[in-house]
2 protein chains.
Amino acid sequence: MKLPEEEGSQSPAWASRCGGGGAVSAAHVEAVIEVRQRASGSLGGDAVEKANSGHPGLPMGCAPIGHVLFDEIMRYNPKNPYWFNRDRFVLSAGHGCMLHYALLHLAGYDSVKEEDLKAFRQWGSRTPGHPENFETPGIEVTTGPLGQGVANAVGLALAEKHLAARFNKPDNEVIDHYTYCILGDGCQMEGVSNEACSLAGHWGLGKLIAFYDDNHISIDGDTEIAFTEDVTARFEALGWHTIWVKNGNTGYDEIRAAIKEAKAVTDKPTLIKVTTTIGYGSPNKANSYSVHGSALGAKEVDATRLNLGWDHEAFHVPEEVKRHWSRHVPEGADVETEWNAKFAEYEKKYKEEAAELKKIITGELPAGWEKALPTYTPESPADATRNLSQQCLNALATVLPGFIGGSADLASSNMTLLKMFGNFQKETPEERNLRFGVREHGMGAICNGIALHSPGLIPYCATFFVFTDYMRAAMRISALSEAGVIYVMTHDSIGLGEDGPTHQPIEHLVSFRAMPNILMLRPADGTETAGAYKVAVLNRKRPSVLALSRQKLPQLPGTSIEGVEKGGYIISDNSSGNKPDLILMSTGSELEIAAKAADELRKEGKEVRVISFVSWELFEEQSEEYKESVLPSGVEARVSIEAGSTLGWEKYVGKKGKAIGIDRFGSSAPAGKIYKEFGLTVENVVASAKAL
Amino acid sequence: MKLPEEEGSQSPAWASRCGGGGAVSAAHVEAVIEVRQRASGSLGGDAVEKANSGHPGLPMGCAPIGHVLFDEIMRYNPKNPYWFNRDRFVLSAGHGCMLHYALLHLAGYDSVKEEDLKAFRQWGSRTPGHPENFETPGIEVTTGPLGQGVANAVGLALAEKHLAARFNKPDNEVIDHYTYCILGDGCQMEGVSNEACSLAGHWGLGKLIAFYDDNHISIDGDTEIAFTEDVTARFEALGWHTIWVKNGNTGYDEIRAAIKEAKAVTDKPTLIKVTTTIGYGSPNKANSYSVHGSALGAKEVDATRLNLGWDHEAFHVPEEVKRHWSRHVPEGADVETEWNAKFAEYEKKYKEEAAELKKIITGELPAGWEKALPTYTPESPADATRNLSQQCLNALATVLPGFIGGSADLASSNMTLLKMFGNFQKETPEERNLRFGVREHGMGAICNGIALHSPGLIPYCATFFVFTDYMRAAMRISALSEAGVIYVMTHDSIGLGEDGPTHQPIEHLVSFRAMPNILMLRPADGTETAGAYKVAVLNRKRPSVLALSRQKLPQLPGTSIEGVEKGGYIISDNSSGNKPDLILMSTGSELEIAAKAADELRKEGKEVRVISFVSWELFEEQSEEYKESVLPSGVEARVSIEAGSTLGWEKYVGKKGKAIGIDRFGSSAPAGKIYKEFGLTVENVVASAKAL
């Protein structure tokens with residue numbers, strides 16, 4: 001379909017009439033980038049590698065939505081992408097990121113200049129193949145793995161609703177923004193999006209407005225082959241308001257009307273189903289799967305430009321389009337200035353609240369916050385680390401204004417309730433206990449959204465450690481996108497007993513030790529649990545996983561918070577000169593076994609060192625000197641014991657050492673029995689040590 | 001509520017009138033087991049460990065559904081739990097397994113005798129804390145992690161629909177069974193169930209009948225706090241027929257009528273929402289979360305027995321109940337005998353089909369099947385292992401009658417289409433290409449159901465390797481439940497290039513190496529890909545994960561299928577006497593780099609061995625002699641190279657060796673550039689080797 005030719009109009013009417021400066025431009029920029037990509041590929045690069053390096057389909061189809069949002073609806077300041085009260089935009093269908101880059105570019109963000117667009121998908125560029133918040137200011141969250149983005153958007157909208165309820169005053173609504181999201185058929189099929197959207201409906205997140213790009217095409221072809229459900233009926237069942245925009249290709253007024261209607265519904269999130277043509281504008285490839293994930297090709301780009309009546313050079317943004325968009329820089333500055341004045345008013349009138357809110361906005365931790373953490377001595381009663389964790393959570397909630405979280409329907413098992421707060425619900429959004437239901441994956445992705453809403457929001461979430469398998473994709477995004485979510489993972493070993501192998505994590509510790517930029521912590525007692533929380537709170541740019549016991553553990557002599565901060569440290573040693581006869585090392589619930597085995601061996605005259613290896617990652621970050629002081633290379637008699645896979649322990653026990661662990665699935669029986677049958681006993685450690 | 005007293009009636013009318021022998025008995029058996037559990041705990045065990053060792057709530061609430069199914073509806077043979085054409089039953093809410101155990105016991109299964117019930121949740125028993133197919137004949141699949149079971153049920157129903165369409169004849173419908181499932185609120189909240197149920201609706205699995213135990217209670221209390229969606233409306237949107245049984249506690253006739261109605265709807269699966277009271281019968285704990293996961297307690301057990309008018313000894317099944325159920329053994333034998341005659345008829349008339357079907361029923365592989373695998377020489381053209389994989393898949397599909405599978409909307413990227421078959425769809429269920437849509441988790445769980453339907457069904461499924469994070473929970477169940485699913489995972493490293501870190505697996509190889517009972521295979525070329533498929537097909541009791549490249553790889557001299565079967569083997573060596581100067585080891589796409597580095601070093605006079613480490617697990621299973629012949633302990637100069645986490649490689653390179661890999665997230669850029677920047681180069685291997 002040929003659009004009417006533009007004639008230099010600079011008004012929004014121009015945008016509306018001819019498809020929009022942003023709209024055509026977004027499609028255009030994508031198209032010309034593909035040209036450039038392919039050109040450079042055919043000139044000097046590897047053609048095969050260039051061949052599949054972009055997803056033009058969504059940007060071309062969704063350009064009108066993007067245009068209306070960024071040019072007319074959203075409040076943002078291009079020169080300060082981190083302005084607190086900005087509207088948030090999430091492209092859940094992250095493969096279409098060129099749409100977002102093009103919009104940021106046109107709106108005047110410094111993060112996406114012409115040279116950035118030209119470096120699309122190249123080493124070191126700010127325009128990677130999927131949107132990454134840590135690379136590109138203006139990108140809120142990291143999307144690409146489908147379904148994550150819309151769940152992040154639920155988290156962003158939750159954060160807004162919570163903060164607004166806590167801090168807004170009748171005379172000063174200092175928090176007041178929308179969360180917009182574009183999601184595609186792929187996102188809709190993913191279970192995580194159903195989980196998160198079910199919660200969004202339950203919580204009544206009225207300021208969440210999601211556009212469903214209903215283009216009927218996914219990589220395998222027409223969605224008819226795998227996706228024939230009635231999506232809007234499903235969303236209505238989930239408690240959403242739904243609207244259908246039938247002409248998403250050119251129906252600007254319909255899109256505007258839908259947004260207006262969505263804003264008017266304040267007690268429900270809104271799904272706007274927008275029927276579009278993937279690759280709209282491409283005369284031969286539109287409405288086909290071939291336009292989803294591959295470049296158009298030079299010939300088709302030419303045909304598309306002809307079809308759209310677009311005769312400008314590659315990468316060229318016509319003057320009238322520039323002029324049209326140029327207002328967003330001054331307007332954005334004004335919007336922020338206005339808000340700053342509003343906040344100043346707020347600060348004057350509501351000093352205490354403003355101070356608290358400021359901490360959430362900036363991420364500054366209150367001075368001395370860590371003193372709130374509970375302390376323990378070896379005389380403190382034995383307790384499960386999940387219970388000790390609850391003491392920490394409750395202590396932290398009193399001093400950290402942005403501490404908020406909950407469990408996936410296991411609050412009473414994970415011990416995660418904040419006793420001084422009620423439940424965050426539709427009618428009580430000022431509260432801080434989140435009730436995620438049995439939705440681990442959605443929980444993790446929602447927490448990513450909360451963490452990335454504001455630097456001072458510190459979300460925690462909880463389930464049984466084994467069920468990290470359900471939410472691993474979200475946890476990886478926490479790690480990659482530097483979202484400091486705290487994962488409170490209880491029932492961390494066969495120590496949970498009777499529930500059996502489906503519930504007993506075996507390979508999970510090592511699987512997180514291998515994941516970049518995430519801290520795997522397995523504390524052994526109260527002191528170490530407090531230490532683990534200290535580390536988790538301080539690490540705002542990497543998530544932490546705390547593996548906690550269901551069963552009671554004694555408070556061990558020698559454990560310390562400082563030790564935890566080093567990841568591995570000596571808790572007891574009867575040798576001198578850094579030359580023990582034997583080194584025993586362990587984590588969490590088995591540290592007690594190691595300590596007892598050391599006692600036995602010392603009785604027999606051995607010089608034995610016991611190391612708590614609470615976090616491998618932190619230990620690896622220590623100096624070589626420190627590491628040598630803990631694990632002297634001259635001592636080869638080493639035994640590790642941990643109720644999990646032995647894989648990776650070779651690194652620390654060495655070739656001559658012995659790793660005691662579990663390299664099979666667990667079993668349904670009382671915990672003590674399983675420990676015994678699996679050889680996780682003092683006797684076995686002593687025997688293994690002697691055998692060395 | 002007190003039920004009318006039974007008076008020795010032995011007819012189904014008795015069951016109907018008084019709550020059913022099975023119904024009361026199931027609740028009763030659960031209750032008395034709890035008594036026994038607690039009793040033994042208080043006598044000699046650890047009271048703490050016993051305190052939380054059962055989930056009486058669901059069995060008590062769902063006993064009527066279970067009773068009607070097992071006593072009136074289902075066709076099965078208690079003395080042959082593996083009879084092929086049996087109706088399948090899946091308790092997706094696996095924590096309520098005592099219901100299933102009680103029903104199997106009453107129906108006469110040898111796997112659940114009185115002593116088994118008494119050993120509930122004890123070491124070595126056949127009645128573990130969640131249902132495990134590998135422990136208890138009569139249990140179809142392993143459930144417990146919520147949402148998996150209903151997705152397995154979709155797989156079971158798919159298998160039935162497929163086989164029926166392929167093999168049934170107008171005069172002999174040799175395949176004809178139902179799949180029943182009970183799922184709870186927890187299963188409903190999990191995204192995986194929405195994924196699988198969306199597909200079930202799409203596929204029109206008319207013989208899938210799922211009971212939704214709508215008891216409004218989950219662990220955190222009333223489901224109102226997190227789950228207020230309209231479940232039946234959602235299922236209608238997913239293309240299901242829905243029915244609501246309002247009185248699930250005693251409404252036997254309603255349950256019967258609902259099943260009748262469900263059977264009459266043949267083009268849609270049916271969800272029967274059954275409103276029940278959790279812990280029905282317990283006067284003080286029913287309808288509370290405390291009855292979900294904890295024993296009732298001796299006092300409440302007594303009160304419950306009084307309330308239900310049940311005055312028999314613990315574990316005692318009254319004579320009239322026994323008599324009532326006793327018919328199932330002869331009836332079951334008759335049902336199977338009848339079917340055997342039917343099959344004999346079929347065999348006579350449809351010889352070829354019967355032979356094929358028999359292989360699916362028994363799991364016997366056709367003689368010489370492995371000869372169908374393609375062969376390659378070093379002269380064969382370079383190709384991506386994902387493409388070579390497609391050649392294997394297509395070769396296997398011609399010789400293995402039970403080979404069936406597909407991709408999560410990436411068929412054209414994963415290269416998984418079977419070219420000789422069409423798509424399995426509602427109207428073409430005889431075809432073998434499954435189109436899962438973007439639903440990785442559902443895909444894995446559905447494949448578990450297919451694999452466990454019949455020993456000869458060999459399902460494969462595919463996505464990008466990084467998205468195993470979405471389906472890891474299902475993959476773990478494959479491993480645990482001995483379901484030999486083949487996971488075809490392409491785009492297995494930074495070699496995929498521009499899509500960037502969200503799409504580049506780093507920690508995934510090690511995370512599966514650590515998982516028990518699953519084979520992680522990373523072939524380097526065509527020969528090794530064929531070898532990997534040989535291994536995967538032969539391992540019917542453990543799943544395999546094949547990590548395959550997006551990028552082209554050369555066919556390497558020295559690779560072999562026999563080598564792959566050993567997991568690690570020498571592909572080239574210019575030394576003698578098992579004493580090379582240096583050992584280079586690698587997997588997959590980096591084996592080429594190792595081979596080239598060896599060439600360089602050999603030019604300089606070094607004696608270098610190159611090892612392909614295609615599967616660590618298989619290598620570990622070899623004899624010590626073999627392992628020593630490949631990795632002589634005397635040779636400490638070892639370098640590994642793999643485009644993934646180095647964690648675990650210490651085991652093979654040793655303390656003095658060097659592991660080259662990636663311990664950070666990837667990057668969006670052309671693949672070659674990333675390899676270079678990350679040091680995965682011939683030069684770096686050579687330099688590292690020289691540095692040793």
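Computed from a prediction, not measured in an experiment: that's the story for all the values here. (Residues numbered from 1 in each chain as written. Chains lettered and ligands numbered in written order. Predicted model: local features only at pLDDT ≥ 70, side-chain atom pairs only at ≥ 80, totals over all residues. Heavy atoms only, no water.)

Caption draft 1: Inspection of the packing of aromatic side chains at higher detail. A complete count under the given rule lists 54 aromatic pairs over all chains for this structure. Geometrically, the ring pair formed by Tyr76 of chain A and Tyr109 of chain A is stacked, given 5.8 Å between the ring centres and 25 degrees between the ring planes. Taken together, the residues Tyr76 of chain A in the loop between helix H4 (57–73) and strand S1 (88–91) and Tyr109 of chain A in the loop between helix H5 (97–107) and helix H6 (114–118) connect sequence positions 33 residues apart. We note that Tyr76 of chain A, like Tyr109 of chain A, is buried. When the centroid spacing of 6.2 Å and the interplanar angle of 75 degrees are considered together, the rings of Tyr101 of chain B and Phe120 of chain B count as edge-to-face. (Phe/Tyr/Trp six-rings, centres within 6.5 Å; stacked < 30°, edge-to-face > 60°. Helix = DSSP H or I, 4+ residues; strand = E, 2+ residues; numbered from the N terminus. Buried < 20%, exposed > 50% of the residue type's maximum accessible area, 1.4 Å probe, protein only.)

Caption draft 2: Region of interest: the domain arrangement of chain A. Residue and element names in this part refer to chain A. Taken domain by domain, chain A comprises domain 1 (41–332) and domain 2 (363–691). One C-alpha centre belongs to domain 1, the other to domain 2; they are set 39 Å apart. Facing 34 residues of domain 1, the contacting portion of domain 2 comprises 31 residues. Interface area, domain 1 with domain 2, both sides summed: about 2,800 Å², of which 65% is carbon and sulfur. Between the two partners, domain 1 and domain 2, sit zero salt bridges. (Domains from an automatic or database assignment. Contact = heavy atoms within 4.5 Å. Buried area = accessible area lost by both parts, 1.4 Å probe. Salt bridge = Lys/Arg side-chain N within 4 Å of Asp/Glu carboxyl O.)

Caption draft 3: Structural context of the pattern of salt bridges. All names here are of chain A. Counted by the stated rule, this structure contains 81 salt bridges over all chains. A salt bridge links Asp176 to Lys207; the nearest nitrogen and oxygen atoms lie 2.5 Å apart. Of this pair, Asp176 sits in the loop between helix H7 (148–167) and strand S2 (179–184) while Lys207 is found in the loop between helix H9 (191–203) and strand S3 (208–214), placing the two residues 31 residues apart along the sequence. On the accessibility criterion, Lys207 (23% relative accessible area) is partly exposed.

Caption draft 4: Looking closely at the relation of the copies chain B and chain A. For the match of chain B to chain A, the screw axis carries a shift of 0.0 Å, the RMSD comes to 0.0 Å, and the turn is 180 degrees. Such a combination of turn and shift is consistent with a two-fold rotation axis. The position closest to the rotation axis in chain B is occupied by the C-alpha of Gly191 of chain B, lying 1.8 Å away. The fraction of interface residues of chain B whose copies in chain A are also interface residues reaches 99%, indicating that both copies meet through the same surface. (Least-squares fit on C-alpha atoms with pLDDT ≥ 70 in both.)

Caption draft 5: Quick peek at the UniProt feature "active site" (unreviewed entry) in chain A. As annotated by UniProt and renumbered to match this structure, "active site" (unreviewed entry) occupies Glu440 of chain A. With respect to the secondary-structure elements, Glu440 of chain A resides in helix H19 (residues 440–453). Setting aside residues no more than four positions away along its own chain, Glu440 of chain A makes contact with Glu195, Ala408, Thr463, Phe467, Tyr470 and Met471 of chain A together with Glu190 of chain B. (UniProt positions renumbered as here; feature names shortened; annotations may be inferred.)

Caption draft 6: Main features of the sheet that holds strand S20 (residues 658–660) of chain B. Residues and elements named next belong to chain B. Reading across from one edge, S16-S18-S17-S19-S20 is the order of the five strands in this open sheet, with mixed pairing throughout. A single partner strand is all that each edge strand has here, and the edge strands are strand S16 (569–573) and S20. Each strand axis lies, on average, 20 degrees off the axis of its neighbour in the sheet, ignoring direction. As defined by bridge partners, strand S17 (residues 582–586) adjoins strand S18 (residues 608–612) across five bridges and the pair is classed as parallel. Of the residues in S18, the one forming a bridge with Leu584 is Val610. (Pairing = 2+ DSSP bridges. Axes fitted to C-alpha atoms, helices over the stretch in contact; angles between N-to-C directions.)

Caption draft 7: Region of interest: the pairing of strand S19 (residues 638–641) of chain A. All names here are of chain A. Going residue by residue along S19, you find Arg638 and Ser640 tucked away on one face and Val639 and Ile641 tucked away on the opposite face as well. Bridge analysis of strand S17 (residues 582–586) against S19 gives four bridges, and the strand direction is parallel. Across the sheet, residue Met585 finds its bridge partner in S19, namely Ser640. Taken together, the three bridges between S19 and strand S20 (residues 658–660) define a ladder with parallel strand orientation. Within S20, the position partnered with Ile641 by the bridge is Ile660.

Caption draft 8: Examining the sheet that holds strand S16 (residues 569–573) of chain A more closely. Residues and elements named next belong to chain A. An order of S16-S18-S17-S19-S20 is seen for the five strands of this open sheet, with the pairing classed as mixed. Across the chains shown, the open sheet's two edge strands, defined by having one partner strand only, are S16 and S20. Strand-to-strand twist across the sheet, computed as the mean angle between neighbouring axes with direction ignored, equals 20 degrees. Contacts from helix H24 (residues 591–603) reach S16, S17, strand S18 (608–612) and S19 within the one sheet, and its direction differs from that of S18 by about 175 degrees.

Caption draft 9: How the structure looks around the interface of chain B and chain A. The partner chain A presents 105 residues to the 105 residues of chain B that form the contact. The junction of chain B with chain A conceals about 8,500 Å² of combined surface from both sides, 56% of it contributed by carbon and sulfur atoms. For the interface between chain B and chain A, the tally reads 44 residue pairs in polar contact (both at pLDDT 80 or more). The greatest single-element share of the side of chain B that touches chain A, amounting to eight residues, is contributed by helix H20 (residues 468–480) of chain B. Looking at the side of chain B that touches chain A residue by residue, the class counts come to 40 nonpolar, 34 polar and 31 charged. (Polar contact = N/O pair within 3.5 Å; in protein donor to acceptor, adjacent residues only side chain to side chain. Nonpolar A, V, L, I, M, F, W, Y, C, P; charged D, E, K, R; others polar.)

Caption draft 10: Spotlight on the UniProt feature "domain: Transketolase-like pyrimidine-binding" (unreviewed entry) in chain A. On the UniProt side, "domain: Transketolase-like pyrimidine-binding" (unreviewed entry) is annotated at positions that read residues 383–555 of chain A here. Within the segment residues 383–555 of chain A, helix and strand shares are 38% and 18% respectively, and the terminal C-alpha atoms sit 8 Å apart.

Caption draft 11: Seen up close, unusual backbone geometry. Residues and elements named next belong to chain B. Positive phi outside glycine occurs at His216, with the angle close to 65 degrees. Note on placement: His216 falls in the loop between strand S3 (208–214) and strand S4 (217–218). At Met415, a position not held by glycine, the phi torsion is positive, near 60 degrees. Mapped onto the fold, Met415 is located in the loop between helix H18 (411–414) and strand S10 (433–435). What makes Met415 buried here is its relative accessible area of 19%.

Caption draft 12: Structural detail: the packing of H4 of chain A against H5 of chain A. All names here are of chain A. Where H4 contacts H5, the axes come no closer than 9 Å and their chain directions differ by 35 degrees. Here H4 and H5 pass one another in a crossing that is right-handed. For the pair H4 and H5, the contacting residues are Leu58, Pro59, Cys62, Ala63, Gly66, His67 and Phe70 in the first and Met98, Leu99, His100, Leu103 and Leu104 in the second. Within the contact of H4 with H5, the residues separate by chemical class into nine nonpolar, three polar and no charged. (Left-handed = near helix turned anticlockwise from the far one by under 90°.)

Caption draft 13: Structural context of helix H5 (residues 97–107) of chain B. Residue and element names in this part refer to chain B. Taken across its 11 residues, H5 has 10 buried, putting it largely inside the fold. Within H5 the residues assigned to the buried category are Cys97, Met98, Leu99, His100, Tyr101, Ala102, Leu103, Leu104, Leu106 and Ala107. Of the residues one or two after H5, Gly108 is the one with positive phi, at around 100 degrees.

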